[in-house]
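Descriptive analysis of the structure
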Amino acid sequence: MTKRLFGYIALSIAAIVLQKFLDNYASIDSISPQLIILVAVYMSLREGQLFGMGGGFLVGFVNDLLVTHFIGYSSLLGVIAGFVAGFFYKEGDVELAATNFNFAWISAITIAVTQLAALPIIASGELNYFYVFLKFTVGTTIYTTVFAMIIVFVKGRKSRYV
Amino acid sequence: MYKWLAEFFGLAKNYIIFALLISLSLLLISTNNNGHTRGLQVVGLVTTSYLEAGVNDVLGYFSLSSEVKKLQLENAHLIDQNAKIRGAMEENRQLRGLLNLRQQSSYPLIPGDVVGRSADGGRNFITLDIGEKNGVSVNDPVVSGTGLVGIVSAVSENFSLVRTLLDVDSRVAAKLVNASADGLVVSGSYGELAMENVSRRYPVQPGDIVETSSLSTLVPPGIAIGMVTKAENRPGDIFKKIDVEPAVDYTSITTAFVMKYSRPAEATKLEKEHLQKEK
């Protein structure tokens, strides 16, 4: 477990650094892939709902400190992502849920739910809720899901050659 | 009783912990503007700023050495040189604007380089490599050669975090120069700004200039914010819907000035006294 824990810490650090890079260079009209959510989903699918929520909260908090500078926002997304993805956790079937194409669609559902839950915070002071929904909820869901699919595809190709 | 509680916690522990973590996150969000949380923001800002400044230095070093190589192969890299000349022209234009601003401004200006940008979930910040040590404080306005960039949101000793006008929480009192109408500039759609609270009786046309209003307590009047791109009256709405193209290009800004502006103390005092009397 200790080895896996260090693995998750390394994964989280990599995700936060990459998130900063994506925010700076790959955001489209303030929309960028939410890697923190993907990390929370991954942890939840591998270790269960409780671990996913706790991990999502901690990774989100560090991400808020270092990337968004809006303390509490990514933590909230991380907890919700861990909670939602936890429902897809199967104790005896960890590899199936966390590594193949299932990861992409579970991530898509989780991101959509997470972004919907965060909508009141994102849209604070904004009158046009539908526009904010289209831009932040739909936009972020699509962008992050595409990213999740790329990860699954790359991982699939790598494991084929190993 | 204890057994029952233990059983209940065993069954509902995930939901209880979920509720606790959500409450904690919401509490953190609600306290974003208080001193303790701002302290946390500053810690994060300092950490990332040093990292980003380091990365920028490394990238700068490599770009300089590659430039020397390119100059040695001058004839083979004419196209690249053309691109460089265009870049230099753009930089020259920006610097001329900044110089002009510095000569015209009656308020002290502190120059700083942009060392980081973050745009996520409607938040839009830039990081400058100047901080408390240089005299920057929270709520100072930040300008470039072309207009208002934003307001300082957090400051550390050597860096400052600037909330740009594109941030969802940004609100700046503004004025339409031609129509002489006051309103509020907020973030709009697709990298644009929007102007709110302008009555539909004012004639507003695309191309009208928007600048900071004398009603603002943080920003001096007369600083360019942008230009109206679209103005329309919506049925049932007493206010106009106005889209504004920002005067500042947030994607390419490399240098900015923190403006040391404080509203005349007499005006603030008079307003306070009047409000107390009214109460």
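Rules used in this analysis
Throughout, residues of each chain are indexed from 1 in the direction in which the sequence is written. For naming, the first written chain is A and the first written ligand is 1, with later ones following in the order written. Since the coordinates come from a predicted model, pLDDT governs what is reported: local features require at least 70, and pairs of side-chain atoms require 80 or more to be given and counted, while whole-chain, interface and lining totals use all residues. To get the side-chain values, take all heavy atoms of the structure and skip hydrogens and water. In this description a helix means any DSSP run of H or I spanning at least four residues, a strand means any run of E spanning at least two, and both kinds are numbered starting from the N terminus. The buried label goes to any residue with under 20% of its type's maximum accessible area, the exposed label to any with over 50%, and the partly exposed label to all in between, with areas taken from a 1.4 Å probe on protein chains only. The Shrake-Rupley method, run with a 1.4 Å probe sphere, supplies the accessible areas, and residue values consider only the shown protein chains as cover. Paired strands, in this sense, are two strands between which DSSP finds at least two bridges. A 1.4 Å probe that fits but cannot get out identifies a cavity on a 1 Å grid over protein atoms alone, an open set with protein on both sides within 12 Å along at least five of seven lines counts as a pocket, and a residue lines either if it has an atom within 4 Å of a point. Grid points are joined across faces, edges and corners, and a volume is the space filled by probe spheres set on the points. Contacts were defined at the residue level, with two residues in contact if any of their heavy atoms lie within 4.5 Å. Using a 1.4 Å probe, buried area is obtained as the accessible area two parts lose upon being combined, added over both of them. Salt bridge criterion: a side-chain nitrogen from Lys or Arg within 4 Å of a carboxyl oxygen from Asp or Glu. N or O atoms within 3.5 Å of each other form a polar contact, as long as, within protein, one can give a hydrogen and the other can take it, and as long as residues adjacent in sequence are counted only when both atoms are side-chain atoms. Simply put, an axis is a line fit to the C-alpha atoms, just over the touching stretch for a helix, and the angle between two N-to-C directions goes from 0 to 180 degrees. Grouping buried Ala, Val, Leu, Ile, Met, Phe, Trp, Tyr and Cys residues that are joined through side-chain atoms within 4.5 Å yields what is termed a nonpolar core. Per residue, pLDDT measures the predictor's confidence, with a range of 0 to 100. Left-handed describes a crossing whose near helix is turned anticlockwise from the far helix by less than a right angle; the clockwise case is right-handed. Under this grouping Gly is polar, as are all residues other than the nonpolar Ala, Val, Leu, Ile, Met, Phe, Trp, Tyr, Cys and Pro and the charged Asp, Glu, Lys and Arg.

What about the overall build of chain A?
- On a plain count of helices and strands, chain A comes out with seven helices and zero strands.
- Here chain A holds 162 residues, and 54% of them are scored as buried.
- Carbon and sulfur atoms form 73% of the exposed surface of chain A, whose accessible area is close to 7200 Å².

Thoughts on the pairing of strand E2 (residues 123-128) of chain B
All names here are of chain B.
- With six of its six residues buried, E2 lies for the most part within the structure.
- Every second residue of E2 is oriented toward a common face, with Arg123, Phe125 and Thr127 on one face and Asn124, Ile126 and Leu128 on the other, all of them buried.
- Here strand E1 (residues 109-120) runs beside E2; their pairing, made up of six bridges, is antiparallel. The residue of E2 that forms the bridge with Gly116 is Thr127.
- Counted between consecutive antiparallel strands, the loop separating E1 from E2 contains two residues, among which Gly121 sits at a positive phi close to 55°.
- Pairing of E2 with strand E5 (residues 160-164), which is carried by four bridges, proceeds in the antiparallel orientation. Across the sheet, residue Ile126 finds its bridge partner in E5, namely Val162.

Comments concerning the layout of surface pockets
- By volume, the second largest pocket amounts to about 560 Å³.
- For the second largest pocket, the lining is made up of 32 residues, of which Ser30 of chain A together with Asn124, Leu166, Gly191 and Thr251 of chain B are closest to its centre.
- Elements with a contribution of two residues or more to the lining of the second largest pocket: helix H1 (2-25) and helix H7 (129-161) of chain A together with E1 and E2 of chain B.
- With four residues, the top contributor of residues to the lining of the second largest pocket is H7 of chain A.

What about the interface of chain B and chain A?
- At the interface, 39 residues of chain B touch 37 residues of chain A.
- Carbon and sulfur atoms supply 63% of the area buried between chain B and chain A, which totals about 3400 Å² over both sides.
- Taken together, chain B and chain A are joined by zero salt bridges.
- In this assembly, chain B and chain A are joined by two residue pairs in polar contact (both at pLDDT 80 or more).
- Those elements giving two or more residues to the side of chain B that touches chain A turn out to be helix H1 (2-30), helix H2 (35-72), E1 and E2 of chain B.
- When residues in the side of chain B that touches chain A are grouped by element, the largest group, twelve residues, is from H1 of chain B.

Description of the sheet that holds strand E4 (residues 148-155) of chain B
- Strands sit in the order E1-E2-E5-E4-E3-E12 (chain B) around a closed barrel of six strands; the barrel is antiparallel. The average undirected angle you get between the axes of adjacent strands in this sheet is 45°.

Quick word on the nonpolar core
- If you look at the biggest cluster of nonpolar residues, it comprises 52 residues, and the most contacted ones within it are Leu38, Val41, Tyr73, Val79, Phe103 and Val132 of chain A together with Phe18 of chain B.
- Secondary structure elements with two or more residues in this core: H1, helix H2 (35-47), helix H3 (49-68), helix H4 (73-86), helix H6 (102-122) and H7 of chain A together with H1 of chain B.
- Tallying contributions element by element places H2 of chain A first for this core, with ten residues.

Here's the deal with the confidence of the model for chain A
- With 87% of its residues at a pLDDT of 70 or more, chain A shows a mean pLDDT of 82.
- The lowest-confidence element of chain A is helix H5 (residues 94-99) of chain A, averaging 60 in pLDDT; the highest-confidence one is H4 of chain A, averaging 92.

What about the packing of H2 of chain A against H4 of chain A?
All names here are of chain A.
- Orientation of H2 relative to H4, taken along the N-to-C sense of each, is 35°, at an axis distance of 8 Å. The two elements H2 and H4 meet at a crossing, and its hand is right-handed. Where H2 abuts H4, its residues Ile37, Ala40, Val41, Ser44 and Leu45 lie against Leu77, Gly78, Ala81, Gly82, Ala85 and Gly86.
- Considered class by class, the residues forming the contact of H2 with H4 number seven nonpolar, four polar and no charged.

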